Amino acid sequence: MKRVGLLMVCVAVALSITLGVAVAKETVVVYTSLENEEVVDYLELAKKDLPGLDIQAIRLSTGELGARMLAERDNPQADCIWGWAVTNMSEFIPKGMLVPYKPKGWDKIPAHFKNPDGYWTAIDLYAAALVPNTKVLASKNLPMPNGWNDLLNPVYKDMLIMPNPASSGTGFLQVASLLVMLDPDYKNKPVEKNKAWDFLKELDKNMGQYIKSGSKPAKLTAAGEYAIGCSFAFVYSSLKKKGFPVALVLPEEGAGYELEANALLQGAKHENAAKKFLDWAISTSAMKQYAKFKLGVTYPNIPGPKDLPALSTIKLAPMDFPWQSENRAKILDVWQNLFLR
Amino acid sequence: MDGHYLGAMNTTAEEYVVPVEYGISSTRMEIDRFIVPTVTIFIALLLFFFMLFPLWSILQLSFFEGGQFGIANFTLANFKKYFTTSYTLNALWHSLYVSVATTIIVTILVFFFAYAMTRTTISGKTFFRNVIMMPLVAPSIIQALALIYLFGRNGLITAHFLKIDWNIYGATGIIVSEVLYCLPHAFVILYTTLSAVDIRLDEAAESLGATPLKVFTRITLPSAKYGIFSAAALTFNLTITDFGNPVVIGADYNVLATEIYAQVTNLYRFDLGATISIILLVPSLMAFILNYYISRKTFAMISGAAKPVIPPSRPLKKISFTIYCCLVSFSIIIIFATVVIGSFVKIWPYDWSLTLSHYKFPSIGGYSAIWTSVWVSIFVGIGGSFITLVAGYVMETRKPFFKQFIYLLSVMPAAIPGLVMGLGYILAFNKPYYFFYGTPWIIVINVIICNFTLGILSSISNLRNIDPSIEEASISLGGDTIKTFFKIIFPLSRVAFFQNFVYFFMRSMTTISAVIFLVSATVHLAAIEIIMLDNDGWTASANAMCTCIIVIVLIMLGILQIVSKKTGTHQEGLVSAL
């Protein structure tokens, strides 16, 4: 009996300690689609910069994050979104699911990187890139590509891998950039009539697989499973650092890109804590950390990673965010009917 | 309400006339009369609220415009869209194809394995039996992870030993991984069936001059046919509802389970996701009903006179069955070895130097996800085994008024795919007034409900083994239902309780499909981390997470062994003392 009593006391003490900690800190629940490896890094800094906050975060793919928000619409579980594709973000403004908030330092961010009403504030830009495995190219005697057009070469049959635009933001920006670049008249015709579909059909002949995530094409290519992965720029630098035989090709036609932005959610249960977090998320300290991974951050004068080319030297594709956001469902519908078997 | 009380009273009056004579106080009888219906109603409500209500939400969303119930809103538009879109319709054909193929392969493979264990005198049976049960301790993703390392486009065997271009992605990969995943489940059924059937029939036929082939086709096979059907139905069900393996190794080959996930997460089409859930529910429900019907017959086939004495097998038979069992065991061991080794080498298959770096998980969950999984699983284990024991007790010995109905409700979860249940939970419970949404408790409840069937079946079969006279003695000595349960039934079924605990614990540690929609920013689970790590391309870290889960489950199994040995002796003492 004594032992049971002792155990009870221990449990009570342990419980009160954990509860005590929870009370002392303000909780904030964050949804993000930044890559896991960056988030781990950023969160370490956030814990240092914001000692009063207990940051509960989950990393979801671009699609998963949107589905979560819709599912939880009646009872939002998250307080804010951190680093989510602006294309998807824009769909949620008319649904009334975002609240305008201009975090501290908002004025420092150039106008084209933020919503004028403060619904979202972008933190970085990431660009599509082709990541070939140099060893595989050499062993199979394949040429190094310079851009999307080179990928149509039949020698690459089944050697390419690309993300599925329905589940991956990277996949979507790649397809969207091609739709805009290959058909100058894209605005005046229905999505399914776009000339880029013919190009994508040709590309499909060489495609080994469409995969769920945007970083995985590069990672599987690095592991030697494919010759060229259609992915994004910073995953290349992290693979290169790990010693994989990979190269970086930014498509010569123009690299599609996407902005990743933060927003405050309607119905946030910890609004104050969320605001503190959002302030931090565009602070110079955070931006400097983002710049270790990202091709470009939205604060001026913070240089990108050393192993990636400077943003100013890259030819970016002319993205049309309002158009692609408005037509996202239609684009995915056409894509899925053409390329899913 | 009156009806329930009346029913409970009637049964108590009929069956426990004796105790009244021994002078149970009337207040005690009152409590008894109150307890049994209360517990029964509680269990019924539990299953209604946490199983039927989420299913109802799914039905509503798929059949009614905007998910609003009402005749005017009734629509078949979702189903029309599903059946007229080629890639979603293909998911159904794909699912049926891989499930039928897996079912045929597993049933044949396992039948001969179980045959070797029960009808031949090969040595090393304990080893073989343990190996074939191994897949139970790992999430149903380990097979796919290992197969990609071995037979992927850059697989050790395909690209480096054989130097061929063939790879296992797609239907082949799904079938092979599902086969390896379903082996233990089918084995349990076929092993029980074959050990229960009277072997002397075979002997009699043989001594009457039948050739071995004739004995096999005319006696052995027909006598085990119900077991075979049952194993096949279970395998079909497990395969068609699995999410982990197809999502990893399926590549572009979509099946129903992965298509539900894709519709919901990629296109935000919850209505189509619900519709596909209904479509997935049909074949899995059919397999379940078939199994339910057949497994009742299996019991009838089991002869009380069955004698497990096996005549020595001929050398050729022995050798070929030993080789066969070795091959099956080897393929299971190689799966586990690949994943464990893969988690410790630097870059598979280029750089074989050992490293611990994959155990520094590049994800938000990381080790905290493992601890969350462990304590969630402990709660699932305790809660699940306790509730199923109480439910089994009430159903088996107290025979409440609507026993058949409760029984049907409790075996139903086996027919409901985890992913469907998970989606139903989001749809049904994500309202501000369901305070448990977004907490670990919803996961605990979900896993308990999803695995309710096996828990209750094993509780019932265990309770049937307890001599009812002990319980009668307790009651005649003045114990009421609660006392009898805690003082007699609970201690006597302690081993069964621990077994159920480990079963629930194991399921909770390894389940993916049921909880993938329920993990949140506050609750990360290890099994889901595997999917996320693999999805991000951190395959080696996914292997490492898998290894951690396996080790934890094995430790728990070890603890069970020790505990059941201890209580085993204790139990004898208790019985003799009584």
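Everything numeric in this text was worked out from a predicted model, so none of it was measured.

Student: Got a sec to walk through the overall build of chain B? Specific residues and values, please.
Tutor: For chain B, the count of helices and strands is 26 helices and 2 strands. Classification of the 578 residues of chain B by burial places 49% in the buried group. Taking as baseline every contact in chain B between residues at least 6 positions apart, the subset at least 24 positions apart corresponds to 81%.

Student: Describe the overall build of chain A, and please don't skip the residues or the numbers.
Tutor: Helix and strand counts for chain A come out as 13 helices and 10 strands. Computed over its C-alpha atoms, the radius of gyration of chain A comes to 22 Å, within 12% of the 20 Å expected for a compact globule of 341 residues. Counting only C-alpha atoms and orienting by the principal axes, one finds that chain A spans roughly 75 × 45 × 45 Å. Looking at chain A residue by residue over its 341 residues, the buried ones come to 53%.

Student: Tell me what's going on with the domain arrangement of chain B, and back it up with residues and numbers.
Tutor: Residue and element names in this part refer to chain B. Domain boundaries in chain B define domain 1 (77-342) and domain 2 (362-577). With centres defined by C-alpha atoms, the gap from domain 1 to domain 2 works out at 24 Å. Domain 1 puts 29 residues into the contact, and the matching count from domain 2 is 27 residues. At the level of elements, α7 (142-151), α13 (244-249), α14 (256-267), α15 (270-301) and α16 (315-342) are the ones that each hand at least two residues to the side of domain 1 that touches domain 2.

Student: Can you break down the interface of chain B and chain A residue by residue, with the values?
Tutor: With 30 residues of chain B in contact, the opposing surface of chain A contributes 43 residues. Taken together, the residues of the side of chain B that touches chain A sort by class into 13 nonpolar, 13 polar and 4 charged.

Student: Tell me what's going on with unusual backbone geometry, and back it up with residues and numbers.
Tutor: Residue and element names in this part refer to chain B. With an omega dihedral of -10°, the bond running from Trp-348 to Pro-349 counts as a cis peptide bond. Mapped onto the elements of the fold, Pro-349 is located in the loop between β1 (345-347) and β2 (351-354). Residues other than glycine seldom take positive phi values, yet Tyr-268 does so here, at roughly 60°. Relative to the helices and strands, Tyr-268 resides in the loop between α14 and α15. Owing to 19 C-beta atoms within 10 Å, Tyr-268 belongs among the partly exposed residues under this scheme.

Student: A description of the domain arrangement of chain A should follow, citing residues and the corresponding values.
Tutor: All names here are of chain A. In terms of domain boundaries, chain A breaks down into domain 1 (25-125 + 258-308) and domain 2 (127-257 + 315-339). Computed over C-alpha atoms only, the centres of domain 1 and domain 2 are separated by 26 Å. Counting residues at the interface gives 19 residues for domain 1, matched by 19 residues for domain 2. Mapped by element, the contributors of at least two residues to the side of domain 1 that touches domain 2 are α3 (62-71) and α4 (86-92). Of the residues forming the side of domain 1 that touches domain 2, the biggest block, 4 residues, is contributed by α4. In terms of residue class, the side of domain 1 that touches domain 2 is made up of 7 nonpolar, 6 polar and 6 charged.

Student: Summarise α7(B); cite the residues concerned and give the values.
Tutor: Side chains that are three or four residues apart share a direction in an α-helix, a result of its 3.6 residues per turn. Counting buried positions over the 10 residues of α7(B) gives 10, a clear majority of the element. Three or more residues of α7(B) are buried, namely B:Ile142, B:Gln143, B:Ala144, B:Leu145, B:Ala146, B:Leu147, B:Ile148, B:Tyr149, B:Leu150 and B:Phe151.

Student: I'd love a proper account of the environment of A:Gly304, names of residues and values included.
Tutor: Residue and element names in this part refer to chain A. Counting through the fold element by element, Gly-304 comes out in the loop between β10 (296-297) and α12 (321-326). Distance in space between the C-alpha atoms of Gly-304 and Glu-91 is 29 Å, their sequence separation being 213 residues. Ignoring anything within four residues of it in the chain, the contact list for Gly-304 reads Ala-291, Lys-294, Leu-295, Gly-296, Ala-310 and Leu-311.

Student: With reference to specific residues and values, describe the environment of B:Ala146.
Tutor: Residue and element names in this part refer to chain B. One can find Ala-146 in helix α7. Placed 188 residues apart in sequence, Ala-146 and Ile-334 show a C-alpha to C-alpha distance of 8.3 Å. Those residues within four positions of Ala-146 in sequence are excluded, and the remaining contacts are Ile-335, Thr-338 and Val-339.

Student: Please set out the packing of helix α6 (residues 169-182) of chain A against helix α7 (residues 196-206) of chain A residue by residue, giving values where relevant.
Tutor: Residue and element names in this part refer to chain A. Contact pair α6 / α7: the axes reach a minimum separation of 8 Å and the direction vectors enclose 130°. The orientation of α6 relative to α7 falls into the category oblique. Packed against α6, whose contacting residues are Leu-178, Leu-179 and Leu-182, the element α7 presents Ala-196, Phe-199 and Leu-200 at the interface. Classifying every residue of the contact of α6 with α7 gives 6 nonpolar, no polar and no charged.

Student: Can you tell me about the pairing of strand β5 (residues 121-132) of chain A, naming the residues and giving the values?
Tutor: Moving residue by residue along a regular strand, the side chains alternate between the two faces of the sheet. Residue and element names in this part refer to chain A. Judged by how many residues are buried, β5 sits mostly within the fold: 12 of 12 residues are covered. For β5 and strand β8 (residues 228-232), the ladder comprises 5 bridges, and the chain directions are antiparallel. Bridge pairing links Val-131 to Gly-229 in β8.

Student: Tell me about the confidence of the model for chain A, residues and numbers included.
Tutor: Model confidence for chain A is summarised by a mean pLDDT of 89, while 93% of its residues fall at 70 or above. Of the regions scoring below 50 in pLDDT, residues 15-22 of chain A engages in 0 contacts with residues more than four places distant in sequence or in other chains.

Student: Tell me about the confidence of the model for chain B, and name the residues and values.
Tutor: Residues and elements named next belong to chain B. With 89% of its residues at a pLDDT of 70 or more, chain B shows a mean pLDDT of 85. Ignoring residues within four places in sequence, the model shows residues 1-23, a span with pLDDT below 50, making 23 contacts including any to other chains. In the predicted structure, residues 569-578 sits below a pLDDT of 50 and forms 4 contacts with residues beyond four places in sequence or in another chain.

Student: Break down the environment of A:Ser168 for me, citing the residues and quoting the values.
Tutor: With respect to the element layout, A:Ser168 can be found in the loop between β6 (160-163) and α6. Those residues in contact with A:Ser168 that lie beyond four places of it in its chain are A:Ser61, A:Thr62, A:Pro163, A:Lys212, A:Ser213 and A:Gly214.

Student: Describe in detail the pairing of β8(A), supporting the description with residues and values.
Tutor: Residues and elements named next belong to chain A. Within β8, 5 of the 5 residues are buried, which leaves the element mostly enclosed by the surrounding structure. The alternating pattern of β8 places Ile-228, Cys-230 and Phe-232 and Gly-229 and Ser-231 on opposite faces, both of which are buried. Here β6 pairs with β8 via 2 bridges, running parallel. Paired with Ile-161 across the strands is Gly-229, a residue of β8.

Criteria and cut-off values
Residues numbered from 1 in each chain as written. Chains lettered and ligands numbered in written order. Predicted model: local features only at pLDDT ≥ 70, side-chain atom pairs only at ≥ 80, totals over all residues. Helix = DSSP H or I, 4+ residues; strand = E, 2+ residues; numbered from the N terminus. Buried ≥ 20, exposed ≤ 12 C-beta atoms within 10 Å, placed from the backbone. Contact = placed C-beta atoms within 7 Å. Rg over C-alpha atoms; globule rule 2.2 N^0.38 Å. Domains from an automatic or database assignment. Nonpolar A, V, L, I, M, F, W, Y, C, P; charged D, E, K, R; others polar. Axes fitted to C-alpha atoms, helices over the stretch in contact; angles between N-to-C directions. Parallel < 35°, antiparallel > 145°, perpendicular 65-115°, else oblique. Pairing = 2+ DSSP bridges. pLDDT = per-residue confidence, 0-100.

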